[in-house]
Amino acid sequence: MELLLYLGKSMLLLSMFYGVYRFMLQKDTLFVSKRHFLLLGIISTVLLPVVEITTVTYQEVVPPPAVVSYTETIPLTHIVQDQEAIAIYWWEIVLVLYFLGVLIMGVRFILQLASLLSIIHETPSVRVQDKRHVQTHRNIAPFSFFQYIVYNPSQHSAEELRMILKHERVHASQWHTADIIATNLVLILQWMNPLAWLYKSAIEENLEYIADSETIQQIQSKKAYQLALVRASSTFTVPALTNNFYQSFTRLVVFGRQIRLFKSSRQIKKRIIMLNKSNSKKVNVLKGAIVLPMLALFLVSFNVKEVVKYVSLTPEGKASEDHESAALKPVSNPPDRIAETMVLPEVSEKPTSHTGDPKNDDETTSILNETPKKRIQNKGVRFGDEIYILITKNTTEADLKMHQKTLKEEHNVTFTYSNVNYNAKGELTSISINIKSDGGNGNYQVAEDGPIEDFYFYISEDGSLGFGSKELEERMEERDDRKRARFEKREELLIERKKELKDRRTAIEVKRNEMRDKLMEKEVEIEERKKDLKDRQLAIVRSNTEDTDDNVFVYSGSSGSVAKFGSGTMEHSILIDKNTSDETLAEMKSDLSAKGIEFNYSKLRRNDRNEITRIRIEVDNGKGQHSITTTQTDDGQPIDDILIELK
């Protein structure tokens with residue numbers, strides 16, 4: 001997190017300097033002053049993010065009148081334990097991507113430097129005045145690297161080579177290579193900042209303007225120098241990390257490949273325009289001073305650390321410094337809201353004394369005036385064989401080191417911390433803690449945009465350990481409430497469903513009883529009807545009627561078989577149904593024969609239930625009336641009732 005903060009500040013500073021250069025200084029011909037301005041931007045980008053301005057504030061406090069003690073008993077109800085919680089934050093992913101880019105840019109820089117040194121050392125150098133000249137056979141543009149000037153004499157005329165060497169001597173004499181190296185190093189760190197690439201191009205461009213300006217004063221023909229620039233454009237390759245005569249518009253060698261740079265004609269045009277441009281007024285350099293209030297605003301906004309010193313008044317009225325506390329320093333008693341989230345074992349009577357810290361004293365007074373609450377000191381509290389340590393937004397690195405030393409020496413517990421970051425107010429914004437003991441190990445990480453929420457860790461008497469916080473307790477309570485609400489809703493639904501099932505079962509049972517009663521009534525009705533028909537059948541056969549009308553009318557049910565003899569009023573009838581037995585049929589035949597009626601039946605068939613499925617009835621009254629009726633069914637179904645009525 002600290003690295004990301006440093007990079008953010010560094011990129012902001014570089015952007016400020018580039019903005020001032022781009023809009024205020026770029027078109028001026030004060031090339032040396034512009035070089036100094038751009039180098040100042042590089043130095044500020046590297047150093048100012050780590051500069052810290054400390055402000056001291058004194059506050060007077062009145063010492064407490066006396067030491068007060070109290071006793072409290074706190075039940076142990078719940079402890080939060082999360083020994084292997086590992087959180088992955090977005091800034092960790094950003095750091096991985098950033099370092100990957102730094103690695104790629106660093107390897108690129110090393111390869112470029114190695115390639116350049118191989119060109120310089122493949123041919124022996126010759127000292128000319130105070131510079132070393134290296135004549136190479138490679139098809140590359142002339143360039144300088146610190147005090148080395150490398151060129152291929154066979155590619156240039158004598159006059160052109162003379163101008164080129166003067167140009168490169170300016171680069172070497174003024175140590176322009178240092179500017180290029182410094183810019184590339186910053187670019188490695190800020191590879192993701194597009195303004196860093198533009199800043200590098202601006203520095204290289206201005207160095208060429210300086211060399212052109214110095215060279216043109218040493219030769220007789222400015223026009224010949226300009227023609228040399230145009231004539232040599234886009235004909236040579238340029239090693240990286242060098243100053244050269246054709247900088248910014250020739251081909252570039254990167255990883256052994258030649259890359260043609262775009263807008264070469266535009267770069268040539270800019271250099272020629274600057275050669276012919278009149279000199280700017282020296283007072284124009286003051287335009288760069290606009291960056292000073294911007295730097296002051298930057299330092300005030302991001303690099304100020306506030307230190308508060310408390311001064312206590314003695315009874316005689318003399319003031320003496322009680323203690324010094326930076327904005328980062330915690331008070332000895334943590335806020336009530338964190339103490340309330342922690343549940344501790346029963347505590348024996350402990351005295352509580354005033355410390356001189358007004359914040360701490362106010363907390364102590366408020367606690368004594370209301371119902372006692374459990375408290376945990378930031379320096380660590382021991383309850384029996386259990387240890388509790390509270391970490392707040394005001395915890396300092398000195399406190400962390402004290403915890404680390406105490407836990408190791410007194411309890412053989414390894415306590416390590418990392419990713420410790422504070423905001424401008426000195427409040428803790430992120431921290432990662434790792435604890436290892438004989439009973440296990442635990443991790444806790446937190447990173448916030450603002451100050452962290454207070455949390456604690458504990459080590460129990462059996463060696464187990466864990467972490468807790470108000471936020472975690474609230475989340476667990478919310479989760480329990482949601483579970484409880486779901487269970488209650490499910491219970492209500494279950495009760496409703498049970499009631500619905502019970503009502504349905506009751507309704508089904510009522511319907512079932514009604515159907516059973518109806519069936520029983522139907523069966524009774526059928527039995528009574530059968531009995532009545534049987535009685536009627538027997539009464540007809542055995543009646544001693546004196547009726548002289550012997551006409552007979554025979555008909556059946558759904559089969560539709562009908563036979564009628566004569567006419568008259570029906571007084572007697574004979575019924576044949578599916579259950580009529582052979583004995584009954586024989587008895588019917590005998591009784592009718594006694595009345596002078598011939599009654600015969602044949603083709604009698606019955607099914608498995610002994611029910612009549614087919615029968616042929618023949619009736620003859622002996623008076624010339626004769627009838628034959630045949631009744632049968634399919635699939636073994638019983639016949640319908642056949643009624644023989646006597647007229």
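Everything here concerns the structure above.
A short tour of the structure in this document, coming up.

**Some remarks on the pairing of strand β24 (residues 598-606)**
Thinking step 1. Direction of pairing for β24 relative to strand β25 (residues 612-620): antiparallel, over a ladder of seven bridges. Each residue of the ladder has a partner; that of Phe-599, found in β25, is Val-619.

**So, a negative patch on the surface**
Thinking step 1. The grouping of Glu-488, Glu-491, Glu-492, Glu-496, Glu-500 and Asp-503 at the surface amounts to a negative patch.
Thinking step 2. Within the secondary structure layout, Glu-491 lies in helix α13 (residues 470-542).

**Examining the layout of surface pockets**
Thinking step 1. Of the pockets and cavities examined, the second largest pocket occupies roughly 800 Å³.
Thinking step 2. Taken together, 27 residues form the lining of the second largest pocket, with Leu-5, Lys-9, Tyr-422, Asn-423 and Ala-424 sitting closest to its centre.
Thinking step 3. Every element with two or more residues in the lining of the second largest pocket is listed here: α1 (2-25), α9 (291-302), β11 (304-313) and β16 (414-422).
Thinking step 4. When residues of the lining of the second largest pocket are assigned to their parent elements, the largest contribution, five residues, is made by α1.
Thinking step 5. Residue classes in the lining of the second largest pocket are distributed as 14 nonpolar, six polar and seven charged.

**Notes on the sheet that holds strand β26 (residues 626-632)**
Thinking step 1. Ordered by their spatial adjacency, three strands build an open sheet running β24-β25-β26, and the pairing between neighbours is antiparallel. Each of the sheet's edge strands pairs with one partner strand only, and the pair in question is β24 and β26. On average, each strand axis in the sheet is inclined to that of its neighbour by 10°, with strand direction left out of account.
Thinking step 2. Strands in contact with helix α14 (residues 582-594) are β24 and β25; relative to β24, the strand with the most contacts, it is inclined by about 170°.

**Some words on the pattern of salt bridges**
Thinking step 1. Inspection of the entire model under this criterion finds 17 salt bridges.
Thinking step 2. Asp-212 is the partner of Arg-271 in a salt bridge, and the nearest nitrogen-oxygen pair spans 2.8 Å. Within this pair, whereas Arg-271 is found in helix α8 (residues 264-276), its partner Asp-212 is found in helix α6 (residues 194-216), the two being separated by 59 residues in sequence. Taken as a pair, Arg-271 and Asp-212 share a single burial class, namely buried.
Thinking step 3. Glu-618 serves as the salt-bridge partner of Arg-616, at 3.7 Å between the closest nitrogen and oxygen.
Thinking step 4. Arg-616 sits in the partly exposed class, given a relative accessible area of 23%.
Thinking step 5. Taken together, the shared-partner salt bridges in this structure form one network comprising Asp-130, Lys-131 and Arg-169.

Definitions and limits used
Residues numbered from 1 in each chain as written. Predicted model: local features only at pLDDT ≥ 70, side-chain atom pairs only at ≥ 80, totals over all residues. Heavy atoms only, no water. Pairing = 2+ DSSP bridges. Helix = DSSP H or I, 4+ residues; strand = E, 2+ residues; numbered from the N terminus. Patch = residues over 30% accessible without salt bridge, like charges linked within 9 Å, V, L, I, M, F, W, Y side chains within 5 Å. Areas by Shrake-Rupley, 256 points an atom, 1.4 Å probe, with all protein chains shown as cover. Salt bridge = Lys/Arg side-chain N within 4 Å of Asp/Glu carboxyl O. Lys, Arg positive; Asp, Glu negative; His and termini not counted. Charge placed at Lys NZ, Arg CZ, Asp CG, Glu CD. 1 Å grid on protein atoms, 1.4 Å probe; cavity = no way out; pocket = protein on both sides within 12 Å on 5 of 7 lines; lining within 4 Å. Points joined across faces, edges and corners; volume = space filled by probe spheres on them. Nonpolar A, V, L, I, M, F, W, Y, C, P; charged D, E, K, R; others polar. Axes fitted to C-alpha atoms, helices over the stretch in contact; angles between N-to-C directions. Contact = heavy atoms within 4.5 Å. Buried < 20%, exposed > 50% of the residue type's maximum accessible area, 1.4 Å probe, protein only.

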